[in-house]
Amino acid sequence: MKRNIRLIISLIFLALALGIVYMYSSLFKDLAEPLTSTGFIWYFVIAFGIFILSYLIPVIVSARNSNIQNKKISTENLNEDTKFEMIYTEIRDKYSEDLAKIRKGLRPVTIIATALGVVVAGIFIWMKVAETNLEKHLEFIIENETLLKVGPVVAVLLFFVVFFFYSNKKYDYDKKYKTGVVTDIVNKANNGLTYSMKTYEVGNKVLESYKQAAFDKHYFNRNSTEDYISGMLTDKLSVSISELDLDHKIGSGKNSHTVDVFEGLVAHASGIDEFKGTIKILNNNNKMKNKNTEGLTEVKMDSTEFENLFNVYSDNAVLTMRVLTSDIMEKMVEFERRLGVHFETFVSGKNIVMRFFTMELFEPAIFNESKEKDRVRAYYEIINLITDISKELDKTISEVEV
């Protein structure tokens, strides 16, 4: 989701680069002019720096509300899963050839873009060095005046031609990967589920359920969703899943800054036997006040392992302890420790809402195919986790209510 920021920053970089070209051409009236223009040099440094940062830092924020760390789903401690192995082999055989063709076209483009970037940087660094000892380089400058006039401009323009081509190729790869690999693994993990890149109504439903769950009191005024999964977990349980990105923008203009409220995966399961109460199972770093507007109080559970990871709040302690059986608590602890990601759960009425503090999911590893199997296994496991927790809670609630 934060990669949308990269697009904006890339456009800013393009504007700055065009400024460089314009400034360069206007300043080259006198041979020594461009060499002594510190503004020109700073123009390039700032633009190039912004471009690099936009790709090295996936999340550009000034602060963060949550103390809960987002983590990549770990597959290191997972046992071999025969069903997954069969699914992955089928998917790999189905899509590997087409994806490999796109990757093959991306590699030379990436190399060329990198080389052009180095050339542009080298030209401007040399010009800065030449400024400090103009007499030494004057003869070379005079003999290569045309090259010094045209070279940087051509290099910058070529860079953006190549970068534009790279962006289009990468978009093709992402689309092929998501409509193929991701779609198939989601459906094969649970054949009642479908994946879409553009089902925005699913994202809206997830956002509304997130507000209802009120996992914390952090205010947000900007949101975005992507990667939508929906369908039936069982004959009675429907689900909507999406990646959610929430921010709180404070102030305006030069005094504005952004606080990262939440970024991760959110799932809303609906259709459980109606639970006459509210349960919040929160991470240990997310504590509710004793006096809260929801009328929830902390419930002490009889599992030390569980309480080391979670805090439980409810409006009915007795009912909550009957719902959160030792089997469910053990399964929730096992999921968190096995996958290495924090998650929280809200149960009320006919709804279960879960949020997962994951790193960005459903994105391909274009230049690191060796990690592709781990990524696909992560998608498979998170779907299974949502399915298992929802089914277990629904089963227990139906028994308790009887």
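Residues numbered from 1 in each chain as written. Predicted model: local features only at pLDDT ≥ 70, side-chain atom pairs only at ≥ 80, totals over all residues. Heavy atoms only, no water.

Enquirer: I'd like to hear about the pairing of strand β3 (residues 222–232), residue by residue, with values.
Expert: Here strand β2 (residues 193–196) pairs with β3 via four bridges, running antiparallel. Bridging across to β3, Leu193 finds its partner in Gly231. (Pairing = 2+ DSSP bridges. Helix = DSSP H or I, 4+ residues; strand = E, 2+ residues; numbered from the N terminus.)

Enquirer: Which residues make up the environment of Leu244, and what values go with them?
Expert: Structurally, Leu244 can be placed in strand β4 (residues 238–250). Judged by relative accessible area, which is 0%, Leu244 ranks as buried. In sequence terms Leu244 and Glu360 are 116 residues apart; their C-alpha atoms lie 9.9 Å from each other. (Buried < 20%, exposed > 50% of the residue type's maximum accessible area, 1.4 Å probe, protein only.)

Enquirer: Talk me through the nonpolar core; I want residue IDs and the actual numbers.
Expert: Core analysis: the largest hydrophobic core is formed by 76 residues, its most contacted members being Ile185, Phe306, Leu324 and Ile386. Looking at this core, the element that brings in the most residues is helix α6 (residues 145–189), giving 13 residues. Setting aside anything within four residues of it in sequence, one finds Ile185 in contact with Phe84, Ile87, Ile91, Val376, Tyr379 and Tyr380. Formed by 21 residues, the second largest nonpolar core is a distinct cluster that contains Ile68, Val202, Tyr228 and Leu296. (Core = buried A, V, L, I, M, F, W, Y, C linked by side-chain atoms within 4.5 Å. Contact = heavy atoms within 4.5 Å.)

Enquirer: Tell me about helix α10 (residues 326–339), and please be specific about residues and values.
Expert: For α10, with 14 residues, the first-to-last C-alpha span of 20 Å sits near the 20 Å given by 1.5 Å per residue. Every buried residue of α10 is listed here: Ile328, Met329, Met332, Val333, Phe335, Glu336, Arg338 and Leu339. Downstream of α10 by one or two residues, Gly340 has phi in the positive range, about 75°. (Expected span 1.5 Å × (residues − 1).)

Enquirer: Before we move on, can you summarise the side chain of Thr345 with the specific residues and values?
Expert: Checked against the element boundaries, Thr345 lands in strand β8 (residues 343–356). Classification of Thr345 as buried rests on a relative accessible area of 0%. Apart from the residues within four sequence positions on either side, Thr345 is in contact with Phe215, Ile279, Lys280, Ile281, Met332, Ile352, Val353, Met354 and Leu393.

Enquirer: Quick one: what's the story with the pattern of salt bridges, residue by residue and with numbers?
Expert: For the structure shown, the criterion picks out 22 salt bridges. For the salt bridge of Asp394 with Lys236, the shortest nitrogen-to-oxygen distance reads 3.3 Å. With Asp394 in helix α11 (residues 372–401) and Lys236 in the loop between β3 and β4, this pair connects stretches of sequence that are 158 residues apart. The class for Lys236 is partly exposed, based on a relative accessible area of 37%. Between Glu294 and Lys280 there is a salt bridge whose closest N-O contact spans 2.8 Å. Of the two residues, Glu294 is situated in the loop between β5 (257–283) and β6 (297–299) and Lys280 in strand β5; the sequence distance between them amounts to 14 residues. (Salt bridge = Lys/Arg side-chain N within 4 Å of Asp/Glu carboxyl O.)

Enquirer: Account for the confidence of the model for the protein chain, with residues named and values stated.
Expert: Per-residue confidence for the protein chain averages 81 on the pLDDT scale, and 77% of its residues sit at or above 70. Within the protein chain, no element has a lower average pLDDT than helix α2 (residues 33–36), which sits at 46, and none a higher one than β8, at 96. Across residues 26–36, where pLDDT falls below 50, the model places 19 contacts with residues more than four positions away in sequence or in other chains. Segment residues 57–62 is flagged for pLDDT under 50; beyond a separation of four residues in sequence, or across chains, it makes 13 contacts in the model. (pLDDT = per-residue confidence, 0-100.)

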